[in-house]
Amino acid sequence: MQYLSTRGNAPQLGFSDILLGGLMEDGGLSLPASYPTVSDAELTAMRGMSYAELAYTLLAKFATDIPADDLRALAAKTYTPAVYCNARPDSDTSQITPLRKLEKNLYLQELSNGPTLAFKDMAMQLLGNLFEYVLAKRGEQINILGATSGDTGSAAEYAMRGKKGVRVFMLSPRENMSAFQRAQMYSLQDANIFNLAVRGMFDDAQDIVKAVSNDLAFKAEYKIGAVNSINWGRVAAQVIYYFKGYLAATTSNNQQVNFAVPSGNFGNICAGHIARMMGLPIRKLVLATNENDVLDEFFRTGVYRPRKTADVKVTSSPSMDISKASNFERFVFDLVGRDPAVVRELWKAVDGGGHFDLSTTPYIPRIAEFGFVSGRSNHADRIATIQRVYKQYGLMIDTHTADGLKVALEHLDDDIPTIVLETALPAKFEETIIEALGEKPWRPASMQNIEALPQRVEVMDIKVQAVKDFIVTHTR
Ligand SMILES: *Cc1c(COP(=O)(O)O)cnc(C)c1O
């Protein structure tokens, strides 16, 4: 399997090469040169597989440069129930991503029972094991530099802790994270994990990461890498749970399902699109945004209008607070018939701070052919949905999942199941749960008292040089 660039001006690369890289050489995103497919017989065989076997079977189609036995071992090590046990007491954790029936034709797929209580663990845990494997083979090292306002940074740290050849330098805003989020990250004592709390906001942290990464000499000398949401390994890993959810909700390959996906950077739902392109019988992909509705706007009007960073609204589903959707280019490449010249033209406008408008083009009817519909949710919707779900099903859901469910209900089909992806557990967003329900959310046993654990964090001024110095000192 070779990977092309959505902008068409970069040489094709193999899986292991794009795994460790970010953008392609021409600034585009990587995608399979053609999507692998799953036959009816293969899909039937998958019905009897464990999650790890299913993961191996699908990843083997993407990672053709990793020997089968090695890939099978990596999948088995990654997708073992012990890693995804932060679940409600009645969850069937042997399924890794258990499907919970809410009512006829409405399900919740639990993707957030991993170490950091968000769906990002599903892909990041695989990435940790893949990085260690590929780096060892090549005799290389990597220093992952990132900025986080919560979910991504902690998922990366829990995936990379103790991995040989990998160090993580994660910048976070000193003031803006919840006590729970701080405790989750800063209590890690692993020698290869470094938490840097910046005296500023998330954007200040992000700017430092950009400045360090733009210093190409420093980047090369200190082998600076990233694990952001455009990483192809993460997208590929997310394809697996769409298959798992489909297989759990159906008994025959003639049946279709809908998936509803709380969306920000378009990483999660992009994997759903790819699963559908591979032949998984998905009828609709229901995209849900919060008040930051840049994607809902596109799917309703055909206009893609990234917001200015300063215009991003701070919401109670903060992991979906985005100004532009970094994975969206992958879908648009398929939408415009895989023509890189069109993508280059559209992103010339976007990269220049502008927008594009497909409303009068023949691409618009194709959005429905690809199964996409969308909707948005706001704080009041979120609160009402959390309350209703608790009352109706006795179940606490988090704010992002509530956005997904709210929009899912606007697009239900009578004849087939709709599966809402649970992207975080409520314990991560305690404040809003208390606002909605007047009580604290339930917490997994392993996290009862994490705020009391000793913390290991370096507090820093907003200075690029200070971060560079820290990296230099700690990579010697
Ligand atoms: C990251 C995240 C999202 C958004 O996922 P994308 O892949 O960026 O679309 C939604 N919910 C939660 C809880 C997240 O952490």
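In case you missed it, the structure is sitting above this.
Residues numbered from 1 in each chain as written. Predicted model: local features only at pLDDT ≥ 70, side-chain atom pairs only at ≥ 80, totals over all residues. Heavy atoms only, no water.

Enquirer: What is the right way to look at the overall build of the chain in this model?
Expert: On a plain count of helices and strands, the chain comes out with 19 helices and 15 strands. Dimensions of the chain along its principal axes, counting C-alpha atoms only, are 60 × 55 × 45 Å. Evaluated residue by residue, the chain yields a buried proportion of 59% over its 476 residues. For the chain, the accessible surface area stands at approximately 18200 Å², while carbon and sulfur atoms represent 50% of it. If the 50 positive side-chain charges of the chain are averaged to one point and the 54 negative ones to another, these points end up 1 Å apart. (Helix = DSSP H or I, 4+ residues; strand = E, 2+ residues; numbered from the N terminus. Buried < 20%, exposed > 50% of the residue type's maximum accessible area, 1.4 Å probe, protein only. Areas by Shrake-Rupley, 256 points an atom, 1.4 Å probe, with all protein chains shown as cover. Lys, Arg positive; Asp, Glu negative; His and termini not counted. Charge placed at Lys NZ, Arg CZ, Asp CG, Glu CD.)

Enquirer: Hey, could you run me through the nonpolar core in this one?
Expert: Most often, soluble globular proteins have nonpolar side chains that are buried together. Residues Tyr79, Phe131, Tyr242, Phe243, Phe266 and Phe328 are the most contacted members of the largest nonpolar core, which totals 110 residues. Broken down by element, this core gets its largest block of residues, 12 residues, from helix α10 (residues 232-249). When residues no more than four places from it in sequence are discounted, the contact partners of Phe131 are Leu19, Leu20, Ile142, Ile144, Met160, Val166, Val227 and Asn231. Ranked by size, the runner-up nonpolar core spans 20 residues in total, among them Leu102, Ala260, Val407 and Ala408. (Core = buried A, V, L, I, M, F, W, Y, C linked by side-chain atoms within 4.5 Å. Contact = heavy atoms within 4.5 Å.)

Enquirer: Help me out: how do you make sense of unusual backbone geometry in this one?
Expert: Backbone geometry follows two general trends: most residues other than glycine have a negative phi, and most peptide bonds adopt the trans configuration. The phi angle at Leu117 is positive, at roughly 65°, despite the residue not being glycine. With respect to the secondary-structure elements, Leu117 resides in the loop between β4 (106-110) and α5 (120-138). With phi around 70°, Phe266 is a residue other than glycine that occupies positive phi space. Within the secondary structure, Phe266 is located in the loop between β9 (257-262) and α11 (267-277).

Enquirer: In this structure, what is going on with the site of the ligand? I would like to understand it.
Expert: As a structural note, the neighbourhood of the ligand is formed by 15 residues, with Lys120, Asp151, Gly264, Asn265 and Asn268 the closest of them. Protein contact buries 97% of the 390 Å² of open area that the ligand shows by itself. Class assignment of the residues belonging to the shell around the ligand gives a composition of five nonpolar, eight polar and two charged. (Near = heavy atom within 4 Å. Nonpolar A, V, L, I, M, F, W, Y, C, P; charged D, E, K, R; others polar.)

Enquirer: In this structure, what is going on with the pairing of strand β6 (residues 166-173)? I would like to understand it.
Expert: Side chains on a regular strand alternate between the two faces of the sheet. The buried count for β6 comes to eight of eight residues, which makes it a mostly enclosed element. Side chains Val166, Val168, Met170 and Ser172 of β6 all project onto a buried face; the interleaved residues Arg167, Phe169, Leu171 and Pro173 project onto the opposite face, where all are buried too. Summarising the sheet, strand β5 (residues 142-147) and β6 pair through six bridges and their orientation is parallel. When the bridges of β6 are listed, Ile142 appears paired with Val166. As a crossover connection, the stretch from β5 through helix α6 (residues 151-160) into β6 is right-handed. As judged from the six bridges shared by β6 and strand β7 (residues 193-198), these two strands associate in the parallel manner. Bridged to Ser172 within β7 is Ala197. The β-α-β motif built from β6, the intervening helix α7 (residues 179-186) and the parallel element β7 has right-handed crossover chirality. (Pairing = 2+ DSSP bridges. Right-handed = clockwise from strand over helix to strand, strands pointing away.)

Enquirer: Quick question: what am I supposed to make of the pattern of salt bridges here?
Expert: Two side chains bearing opposite charge may form a pair once their charged atoms approach each other closely. Inspection of the entire model under this criterion finds 34 salt bridges. Between Lys463 and Asp461 there is a salt bridge, and its shortest N-O distance comes to 3.9 Å. Given a relative accessible area of 37%, Asp461 falls into the partly exposed group. Salt bridges sharing partners connect three or more residues here, namely Arg88, Asp90, Arg100, Glu110 and Glu422. (Salt bridge = Lys/Arg side-chain N within 4 Å of Asp/Glu carboxyl O.)

Enquirer: Which parts of the structure should I look at to understand the packing of aromatic side chains?
Expert: Describing an aromatic ring pair means giving the distance of the ring centres and the angle of the ring planes. Taken as a whole and assessed by the stated rule, the structure comprises 29 aromatic pairs. An angle of 50° between the planes, with centres 4.6 Å apart, marks the rings of Phe331 and Phe372 as tilted. Pair noted here: Phe331 is in helix α13 (residues 328-335) and Phe372 is in strand β13 (residues 372-376), with a separation of 41 residues, a long-range link. The pair formed by Phe331 and Phe372 is uniform in burial state, with each residue classed as buried. Aromatic rings pair up to connect Phe266, Phe298, Phe299, Tyr304, Phe328, Phe331, Trp347, Phe356, Phe370 and Phe372 into one cluster. Positioned above the aromatic ring of Tyr56 is the side chain of Arg72, whose terminal nitrogen or guanidinium carbon lies 4.3 Å from the ring centre. (Phe/Tyr/Trp six-rings, centres within 6.5 Å; stacked < 30°, edge-to-face > 60°. Lys NZ or Arg CZ within 6 Å of the ring centre and 35° of its normal.)

Enquirer: What should I look at first to understand the pairing of β5 in this one?
Expert: Extensive coverage of β5 is indicated by the burial of six of its six residues. Where burial is concerned, the two faces of β5 agree: the one with Ile142, Ile144 and Gly146 and the one with Asn143, Leu145 and Ala147 are both buried.

Enquirer: Explain helix α19 (residues 464-475) to me, please; I cannot follow it from the model alone.
Expert: For the α-helix, the turn length of 3.6 residues means that residues three or four positions removed from each other point alike. Over its 12 residues, α19 extends 17 Å from the first C-alpha to the last, a length consistent with the 16 Å expected when each residue adds 1.5 Å. Inspection of α19 places Val467, Lys468, Phe470, Ile471, Val472 and Thr475 among the buried residues, and these make up the whole buried set. (Expected span 1.5 Å × (residues − 1).)

Enquirer: How should I be thinking about the sheet that holds β7 in this particular structure?
Expert: The strands that make up a sheet are held in pairs by hydrogen bonds between backbone atoms, and each pair lies either parallel or antiparallel. Read across the sheet, five strands follow the order β8-β5-β6-β7-β15 without closing on themselves; strand pairing throughout is parallel. Edge positions in the open sheet fall to β8 (224-225) and β15 (458-460), since each of these has one partner strand only. Its contacts with the sheet place α6 against β5, β6 and β7, and it is angled at close to 160° to β6. (Axes fitted to C-alpha atoms, helices over the stretch in contact; angles between N-to-C directions.)

Enquirer: It is not clear to me how the sheet that holds strand β10 (residues 282-289) should be interpreted in this structure. Could you clarify?
Expert: Spatially, six strands are ordered β3-β4-β14-β9-β10-β13 in an open sheet, and the strand pairing comes out mixed. Edge positions in the sheet fall to β3 (99-103) and β13, since each of these pairs with one other strand and no more. Along the sheet, successive strands turn relative to each other by an average axial angle of 25°, direction set aside. Its contacts with the sheet put helix α17 (residues 399-408) on β4, β9, β10, β13 and β14 (418-422), and the angle it makes with β14 is roughly 165°.

Enquirer: Is there a simple way to think about helix α12 (residues 294-301) in this case?
Expert: Among the eight residues in α12, six count as buried, and that is most of the element. Of the positions making up α12, those classed as buried are Val294, Leu295, Asp296, Glu297, Phe298 and Phe299. One or two residues past the end of α12 sits Gly302, with phi positive at roughly 85°.

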